[in-house]
Amino acid sequence: MRTLIKGARVLDPGNVDGYKSILINGQTIEAVLDPADVMPENGTDFKVIDATGLVLVPGLMDIHVHLREPGHEYKETIATGAAAAARGGFTAVCAMPNTRPVNDNSQVTAFILGKAKAAKGARVYPVGAVTKGSAGTQLSEIQDMQQAGIKAVSDDGRPVENAQIMRRALEYCRGLSIPVFVHAEDLSLVNGGAMNEGPPATFQGIPGIPNAAEAVMVARDILLSRLTGAHVHFCHISCEESIDLIRKAKHQGIRVTCETAPHYFTLTDADVKGYDACFKMNPPLRSEKDRQAVIQGLADGTIDVIASDHAPHSKEEKDLEFDRAAFGIVGLETSLPLSLKLVQNNHLTLENLILKMAKNPAKILGINNDITPGNPADLSLIDLKEKGVIDPSRFVSKSRNTPFAGMTVQGRAAATMVDGNFVFGLWA
Ligand SMILES: NC(=O)N[C@@H](CC(=O)O)C(=O)O
Ligand SMILES: [Zn+2]
Ligand SMILES: [Zn+2]
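Residues numbered from 1 in each chain as written. Chains lettered and ligands numbered in written order. Predicted model: local features only at pLDDT ≥ 70, side-chain atom pairs only at ≥ 80, totals over all residues.

### Describing the overall build of the protein chain
Helices and strands together make up the secondary structure of the protein chain, namely 13 helices and 20 strands. Taken against the 2.2 N^0.38 rule, which gives 22 Å for 428 residues, the C-alpha radius of gyration of the protein chain at 21 Å falls within 12% of a compact globule. Projecting the C-alpha coordinates of the protein chain onto the three principal axes gives extents of approximately 65 × 45 × 45 Å. (Helix = DSSP H or I, 4+ residues; strand = E, 2+ residues; numbered from the N terminus. Rg over C-alpha atoms; globule rule 2.2 N^0.38 Å.)

What follows is the structure, encoded as structure tokens:
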């Protein structure tokens, strides 16, 4: 089966920008054609898709997602998460290992990949745990998991508290050429906090979490990356101090990359009101100064990636006193429209946004997702114009814990193609 997608603006930063037609043969990109080129003959085995008005980009990748299976299927399953990802415009996601059991061995990795294959949504790249059970004491079977298909390791949800264990993990992962995704948090400084330390926390009587709880661990792991030469990728960066440290480390040539999430450039701790736990996540929403630092870090290239940290939780786990409710918000179906606001507000060019949502994530995972003949046909089609309101009742995800309900947005995923098949949109 061959498919021709015509009429779209094809934008693959550093590779293509223009009105092109993409010819797909089976699972693979066969050719990138100019509108003037002679098109293949129309026939029974040939489908033409008219994508006029849309932007076609390399498959968006969300490298920080919690799919909750195995163990917490009431929050999300691999199937519902992969469908939510496809609906959000993502052709691939990284699934964090804080499931039950934790993905700390190749059996769990194989289970996740099997479920993902059957789901027929976005691709799922499992992330293995750094330590057994993410308990922080013994390294997990990282090489075994790599052979089974993990693309990175992380104890996300928890920090690797012991610096010596972290050093050993980094040395090991450098040898295997896989990045370590760091959840940077000093638990002694968090000290039971539930939102950002600052006036809004004080006024509401909610215990605060200082920026330093994140930044001291960022500083430690920059030093450990420098010591070991390993690739450290910092997850969900939320504050100015961390960004300043990472900027400096990059200037020194240390092998670090980082991501932020849409909530950190969209909201602040001033939005945390009425003890609504849909505004509770880890790290917490920070001050306006930090939000501006995040935007600046995205604009100057310090922040490489936008990832959602999609963290589904049930209503019961959120409808509690603020300090007892679960940390985390869903993000797969709001990430692209929220990120497009950066373009609409002239903070980022569209090209730069595609770098942060498609190209840089792929680079970090060691995947080539250029729109070029021979590569898998993993493509995202974006409608930049359509206006809408975020409506959680229409989410494909099993969970609804979002602070963005009712927000007006412009632009959305129009269609998502994985391996030459539409997994979301008009032609799915
Ligand atoms: N971000 C969150 O608030 N929660 C995440 C864990 C994590 O990303 O650290 C979760 O698994 O629920
Ligand atoms: Zn985390
Ligand atoms: Zn996470």
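### Things to note about the site of ligand 1
What surrounds ligand 1 is the set His-66, Asn-98, Asp-156, Gly-157, His-183, Met-281, Asn-282, Asp-309, Ala-311, Phe-327 and Gly-328. When the residues that make up the shell around ligand 1 are grouped by side-chain class, the tally is 3 nonpolar, 6 polar and 2 charged. (Near = placed C-beta within 6 Å. Nonpolar A, V, L, I, M, F, W, Y, C, P; charged D, E, K, R; others polar.)

### Describing helix H4 (residues 163–176)
For H4, spanning 14 residues, the distance from its first C-alpha to its last is 20 Å, which sits close to the expected 20 Å at 1.5 Å a residue. For H4, the set of buried residues is Met-166, Ala-169, Leu-170 and Cys-173. Looking straight down H4, one finds its buried side chains confined to an arc of 100 degrees; they lie on one side. Exposed residues pointing more than 90 degrees away from the buried face of H4 are listed as Gln-164 and Gly-175. (Expected span 1.5 Å × (residues − 1). Buried ≥ 20, exposed ≤ 12 C-beta atoms within 10 Å, placed from the backbone. Arc of directions from axis to C-beta.)

### So, the domain arrangement of the protein chain
The domain architecture assigned to the protein chain consists of domain 1 (2–56 + 374–425) and domain 2 (60–365). A C-alpha centroid distance of 26 Å is found between domain 1 and domain 2. The interface is formed by 24 residues belonging to domain 1 together with 42 residues belonging to domain 2. Mapped by element, the contributors of at least two residues to the side of domain 1 that touches domain 2 are strand S18 (379–389), strand S19 (408–418) and strand S20 (421–425). Looking at the side of domain 1 that touches domain 2 residue by residue, the class counts come to 13 nonpolar, 8 polar and 3 charged. (Domains from an automatic or database assignment. Contact = placed C-beta atoms within 7 Å.)

### So, the confidence of the model for the protein chain
Per-residue pLDDT for the protein chain averages 97, and the proportion of residues at 70 or more is 100%. Both scores are available for the predicted complex, with the pTM at 0.98 and the ipTM at 0.99. (pLDDT = per-residue confidence, 0-100.)

### Overview of unusual backbone geometry
With an omega of 10 degrees, the peptide bond running from Glu-69 to Pro-70 counts as cis. With omega at -5 degrees, the peptide bond leading from Asn-282 into Pro-283 counts as cis. Among the secondary structure elements, Pro-283 is positioned in the loop between helix H9 (262–266) and helix H10 (288–299). In this structure, Ser-177 takes a positive phi of about 60 degrees despite not being glycine. One can find Ser-177 in the loop between H4 and strand S12 (180–182). Note on Ser-177: 10 C-beta atoms within 10 Å, which makes it exposed. With a phi close to 25 degrees, His-236 is a non-glycine residue in the positive phi region.

### Here we look at the sheet that holds strand S6 (residues 46–50)
With respect to topology, 4 strands assemble into an open sheet ordered S5-S4-S1-S6, the strand pairing being mixed. Looking along the sheet, the strands with just one partner apiece sit at the ends: strand S5 (28–33) and S6. Along the sheet, successive strands turn relative to each other by an average axial angle of 20 degrees, direction set aside. Sheet analysis places strand S4 (residues 21–25) next to S5, joined by 5 bridges and oriented antiparallel. Within the sheet, the bridge partner assigned to Leu-23 lies in S5 and is Ala-31. (Pairing = 2+ DSSP bridges. Axes fitted to C-alpha atoms, helices over the stretch in contact; angles between N-to-C directions.)

### Points about the environment of Arg-174
Locating Arg-174 in the fold gives a position in helix H4. Given 17 C-beta atoms within a 10 Å radius, Arg-174 is considered partly exposed. Separated by 50 residues in the primary sequence, Arg-174 and Val-124 place their C-alpha atoms 23 Å from one another.

### Quick word on the nonpolar core
Leu-56, Ala-122, Val-153, Val-180 and Phe-234 are the most contacted members of the largest nonpolar core, which has 128 residues in total. By residue number, the principal contributor to this core is helix H13 (residues 350–365), which donates 8 residues. When we break this core down by domain, the ones giving at least three residues each are domain 1 (2–56 + 374–425) and domain 2 (60–365). Discounting residues that sit within four places of it in the chain, Val-180 has contacts with Val-130, Val-153, Ser-154, Ala-169, Leu-170, Cys-173, Ala-230, Val-232 and His-233. (Core = buried A, V, L, I, M, F, W, Y, C linked by C-beta atoms within 7 Å.)

### Thoughts on the packing of helix H1 (residues 78–87) against helix H2 (residues 106–119)
Contact pair H1 / H2: the axes reach a minimum separation of 9 Å and the direction vectors enclose 55 degrees. Judged by the angle between their axes, H1 and H2 are oblique. The chirality of how H1 crosses H2 is right-handed. Side by side, H1 and H2 meet where Ile-78, Ala-79 and Ala-82 of the first sit next to Ile-112, Lys-115, Ala-116 and Ala-119 of the second. Each residue belonging to the contact of H1 with H2 can be placed in one class, and the counts come to 6 nonpolar, no polar and 1 charged. (Parallel < 35°, antiparallel > 145°, perpendicular 65-115°, else oblique. Left-handed = near helix turned anticlockwise from the far one by under 90°.)

### What about the sheet that holds S12?
Read from one edge of the open sheet, 8 strands run S8-S9-S10-S11-S12-S15-S16-S17, paired in parallel fashion. Among the strands making up the open sheet, the edge pair consists of strand S8 (60–65) and strand S17 (305–306). Sheet topology note: the strand S9 (residues 90–95)/strand S10 (residues 123–128) ladder contains 4 bridges and is parallel. When the sheet's bridge partners are listed, Cys-94 is paired in S10 with Tyr-125.

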